[in-house]
Amino acid sequence: MRTEDDPHGLFTNGRVERVLGSGGAGGSASNEVTAPLLHQRFPALRETLPHLRLGSVPTPVRPLPGLSEGAAPVWVKDESVFGDGGWGGNKVRKLEWLLPDALRRGRRTILTVGGLGTNWGLATALYAREHGVATAIALIDQPIDDHVRAQSARLEGSGATLHFTRTKARTIAAAPVLFARHMAGGRPPYFVPAGGSSPIGALGYVEAALELAAQVREGTLPEPSHIVTAVGSGGTTAGLLLGLRLAGLRTRVVGVVVNDTLRLDPPALVGLARRAQKLLRARGADLPHTDVSPDDLHLVRDWLGPAYGHATAEGEHAQHLAAERENLTLDPVYTAKAMAALLAMNASGRLGAGPVLYLDTNGPR
């Protein structure tokens, strides 16, 4: 039933009522939708924290013998296959929680920000469009290469309204105008920070960490000593920090910082994880006593290159090795740099005996 707070008629008693189609972001033609693990573990969240299934779970894990030249065996959790629509990867995990929250609040436009080649902005535009929500993106300059040119063309065709604000300072200055311009039905747009890295967005990787723990319990892979991921806006890392602790895994997160335009340090990332924890408690989850600690996180900053968006020789080499030896497609801005860091740290023994899990968050279609 459509209501003022639910203009798309997707919710009943706070839950998503989803009719799956046969194409687009709707995915499978089956009407069977597996409840998210957060809802299964904390049933009170079913009524207070809506979720919209946008991809098939669990994402696969497998060993990477061709990239295990070091002290620790290397595995991958392949998030690149997540997402049933026009884009995939870690951004879609976040949208499973952000998009239904926007819909429940009756917002008709999502306003967000990203670089010229933003994966986040593209994923948002494509999946929001499938559910009747418009997207507006403030775009900040980054180095232009083939990857950015291709992504810019996809953004132009996504239906999103693009605002070329060019710098972080100009984006902040333009914010009041952008909010006013995208008012709809008397309501402001639903704002999401870069990369979907809000407390609600971070729940995508709380969920992924619970999924990983289930795969460990089932014997699909051994418990990793470390999980290595690129840190572009922080939401994936923060979600992992909280989710791994809730799951009872001892796995430590190694974050490879690939963005110098945002504050990405242990206090900021742990703070986001704790805000996600606070959100879950506020929505009724009876969480165990769990302290997310900076000791659970190791950040490395040696793989960024000159600045955000610049490809590096080490990243290009890792990109080539991953494709040649393990058929992994990595992007030059995020995942190739994270792989380069993993290979170097493993070769020097800095990751111990492992096993080490690489989180492949790239998602081109």
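Structure's up top.
This is a predicted model, so every value here is computed, not measured.

The rules behind these values
- Each chain carries its own residue numbering, running from 1 in the direction its sequence is written.
- Note on the predicted model: pLDDT of at least 70 is required for a residue's local features to be given, and 80 or more for side-chain atom pairs to be given and counted; whole-chain, interface and lining totals, by contrast, use all residues.
- The basis for every side-chain value is the complete set of non-hydrogen atoms in the structure, without hydrogens or water.
- Just to be clear on terms, a salt bridge is a Lys or Arg side-chain nitrogen sitting within 4 Å of an Asp or Glu carboxyl oxygen.
- Elements are defined by DSSP. Helices are runs of H or I of four residues or more, strands are runs of E of two residues or more, and each kind is numbered from the N terminus.
- Exposure categories follow from relative accessible area, calculated using a 1.4 Å probe and restricted to protein chains: below 20% of the type maximum is buried, above 50% is exposed, and the middle band is partly exposed.
- By convention, a stacked pair of Phe, Tyr or Trp rings (six-membered ring in the case of Trp) has centres within 6.5 Å and planes under 30 degrees apart, an edge-to-face pair has planes over 60 apart, and any other such pair is tilted.
- Whether a charge sits over a ring depends on NZ of Lys or CZ of Arg being within 6 Å of the ring centre and within 35 degrees of the ring normal.

Draft legend 1. Up close: the pattern of salt bridges. Per the stated rule, a full pass over the model turns up 14 salt bridges. Glu211 is the partner of Arg93 in a salt bridge, and the nearest nitrogen-oxygen pair spans 3.0 Å. Linking Arg93 in helix 3 (residues 90–104) with Glu211 in helix 7 (residues 199–217), this pair joins segments that are 118 residues apart in sequence. Exposure remark for Glu211: the relative accessible area of 5% places this residue in the buried category. Between Arg250 and Glu223 there is a salt bridge whose closest N-O contact spans 3.2 Å.

Draft legend 2. Representation of the packing of aromatic side chains. Within this structure, the stated rule accounts for 2 aromatic pairs. Both rings, one in Phe179 and one in Phe191, keep their centres 5.9 Å apart while their planes meet at 45 degrees; by these two values the pair is tilted. On the criterion of sequence distance, the pair formed by Phe179 in helix 6 (residues 168–181) and Phe191 in strand 8 (residues 190–191) is long-range, its members being 12 residues apart. Phe179 gets classed as partly exposed once you look at its relative accessible area, which sits at 29%. Accessibility expressed as a relative area gives 43% for Phe191, which makes it partly exposed. With centroids separated by 6.1 Å and ring planes inclined at 65 degrees, the aromatic side chains of Tyr308 and Tyr334 adopt a geometry described as edge-to-face. Of this pair, Tyr308 sits in the loop between strand 11 (297–300) and helix 10 (313–326) while Tyr334 sits in the loop between helix 10 and helix 11 (335–347), placing them 26 residues apart in sequence. The side chain of Lys91 reaches across the aromatic face of Tyr334, ending 5.5 Å from its centre.

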